[in-house]
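Notes for the structure review
The chain contents come next:
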Amino acid sequence: MARTVIPLLILQSFLLAIAFGSNEVEEEFSESLLLKPLPDRKVLAHFHFENRAPPSNSHGRHHHLFPKAISQLVQKFRVKEMELSFTQGRWNHEHWGGSDTLSSMNAKPVGVELWAVFDVPRSEVDTSWKNLTHALSGLFCASINFLESSTSYAAPTWGFGRSSDKLRYGSLPREAVCTENLTPWLKLLPCRDKDGISALMNRPSVYRGFYHSQRLHLSMVDSGMLLEQSLTVVLQPDTVYDGKDLQPSWSLSSLFGRKVVGKCVLAKSSNVYLQMEGLAHPEAHTLLKNEEFELSIKPDRTLRETSSVLFIFDIDKSSDSEPFDLSLTWKLPSKWSCQQAPLHASRFLMGSGNERGAIAILLKATESQDKLSGKDITNGGHCRVKANVFQIFPWYVKVYYHTLQIFVDQQQNTSSEVLKKINVSPSADKMSSGMMEMMLELPCEVKSVAISIEYDKGFLHIDEYPPDANQGFDIPSALISFPDHHASLDFKEELSTLPLLSKFKDKSLVRSYTEVLLVPLTTPDFSMPYNVITITCTVFALYFGSLLNALRRRIGEEERFLKSKGKKTGGLKQLLSRFTAKIRGRPVESPSSEPTAAAQSSVLSSKLLFKIILVAGVAAAWQYFSTDK
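In the nomenclature of an unreviewed UniProt entry, the protein chain corresponds to GPI transamidase component Gpi16 subunit family protein from the organism Brassica napus.

See below:
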């Protein structure tokens, strides 16, 4: 019997190994790092990790590379598409780019941003959203569960860039980003931060940058589930300014304090990219050394684009003995400007006081605005630029949508001339937040556009104020998108096998986020409850102390004590009284101890009774006037 069971067990384990082996082949993981010098003497580092898993209807599927926690979220809450970002710092659209692929996908608002599309009936979308926020909050050690409240999220229709009635969007501008959020994000990687490109993510180096944003994007594609994890960091190289206009030289070890000692053994591809812009002769930069700069490692491939050159490095051969440490040394001064969106957006508050105010958005033309002539020709041969504006207003900011005003080149225009489409969702007190979506159609030669809308400041209950209420209340960033403009990199060579390059070739919508507004609301004096509690306790202590003293005092013992005291000191008192009488020439009175003691006792009792009545009256008056009617 034992001889029969053993071959069956061996056959079963062999079949399981074959099954799991086939699954392992289907799942793919790739890692890449893009380095890009910026015009303001900084360096952009973009880490990109891509994980693919085949479709599966089984709830108990075992994954070899794809994180099981993310797979369970998809299966349990039926998530069709989701994106979560943790950002600290604000993206500089003027110096770091506004219309390229990196800025369009990775320039996120401050704090936490979450949006998701569900594959459930419309009546179950809000329930799935709330459950998803709680699950992500525990997974990433963040306060994402605060987005479960209906006052913290909205349901955009078309202004966000995705037309779906099952989309939910929410943001937490004040959420702090720290290593507690990065550590669970790294645990989703097959090699974590122990090997491969992810080993460069040194915590002090990442968080000392001017901007860093960790992003997680999940989507359901034809081939199954696609999980993209990216970390975008803007760093300042540690160099001494020598008075010349040379860009600072840097290396991987100087930026991150580490070197790449090998690829992740589970990664299908592992590459480092260096993108150079503003070169004098892009077609000549194929050698290791040239007139403008020098690279420490020879690139394996070089790709040319219209305005940039991309160097590709394979790190398969790097090891502990020969680590990969790419360095860039500038020889000649180089100045260039990044690609910008057609209009640069900024938002600010107007008005003063704690009663009312106005929110204004200013759109200014950029250098790329001059290149729009002859493009986007609509409406009888006139050049037009379309811009979508998406805003969320908390319920305590009561917006009056009828006060919307639009100024084009400092001239007020009617809504029908510029405003082509608008969708408004008014807020409800303590129930839901407000939302506004606008589609503007502007002439290409426009120089500035100003949008203003008035609001009143609401009143909150004392329990609804945060611990730092005097700092103010945040209004989430507004999203400005351009539906007719898409960002992409078109390289002459076809390298679709590299995930990052294929991602750059996909057209992404040009979008930008505005600043987070800080609105001061009427704040009560939070010390008043403490003062009321203190004085009430003091009055009650005096009242009950006097009452207990009166109840526990023994009058008979006090009278006997006074009598005994009078007897002991009676002779001395008589001598003193006789002496003073002789001096004054008055007759000597006979002492009567008993009436004196009785009189003192009566006086003492009357004083005690008066104190009790006084304290009781004060307590009753305080209770009467302090009680809310």
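1. A closer look at the overall build of the protein chain
A count of helices and strands for the protein chain gives 14 helices and 27 strands. By the burial criterion, 45% of the 629 residues in the protein chain qualify as buried. The contacts in the protein chain between residues at least 6 apart in sequence include a share of 75% that link residues at least 24 apart. Carbon and sulfur atoms make up 55% of the accessible area of the protein chain, which totals about 32600 Å².

2. Examining the state of the cysteines
Tallied over the entire structure, the rule returns 2 disulfides. Each disulfide pairs two cysteine sulfurs, and for cysteine 191 the partner residue is cysteine 264, the sulfurs being separated by 1.8 Å. Because the sign of the S-S torsion sets the handedness, a value of about 70° for the bond joining cysteine 191 and cysteine 264 places this disulfide among the right-handed ones. Of this pair, cysteine 191 sits in the loop between helix H6 (179–187) and helix H7 (203–207) while cysteine 264 sits in the loop between helix H8 (252–256) and strand E10 (269–277), placing them 73 residues apart in sequence. Of the two residues examined, cysteine 191 and cysteine 264, each falls in the buried class. Between cysteine 383 and cysteine 444 runs a disulfide, and the two sulfur atoms are separated by 1.8 Å. Every disulfide takes its handedness from the sign of the S-S torsion; for cysteine 383 and cysteine 444 that torsion is -70°, giving left-handed. With cysteine 383 in strand E18 (residues 382–393) and cysteine 444 in the loop between strand E22 (434–443) and strand E23 (448–457), the pair connects residues that are 61 residues apart, well separated along the chain. Considered together, cysteine 383 and cysteine 444 belong to a single accessibility category, that of buried residues. If you count the bonded cysteines of the protein chain from the N-terminus, they pair up as 1-2, 3-4.

3. Points about the pairing of strand E15 (residues 343–350)
Pairing geometry for E15 and strand E16 (residues 356–365), over 8 bridges, is antiparallel. Note on E16: the bridge partner recorded for serine 346 is leucine 362.

Reading the values: rules and limits
- Residues numbered from 1 in each chain as written.
- Predicted model: local features only at pLDDT ≥ 70, side-chain atom pairs only at ≥ 80, totals over all residues.
- Heavy atoms only, no water.
- Helix = DSSP H or I, 4+ residues; strand = E, 2+ residues; numbered from the N terminus.
- Buried < 20%, exposed > 50% of the residue type's maximum accessible area, 1.4 Å probe, protein only.
- Contact = heavy atoms within 4.5 Å.
- Areas by Shrake-Rupley, 256 points an atom, 1.4 Å probe, with all protein chains shown as cover.
- Disulfide = S-S within 2.5 Å.
- Pairing = 2+ DSSP bridges.

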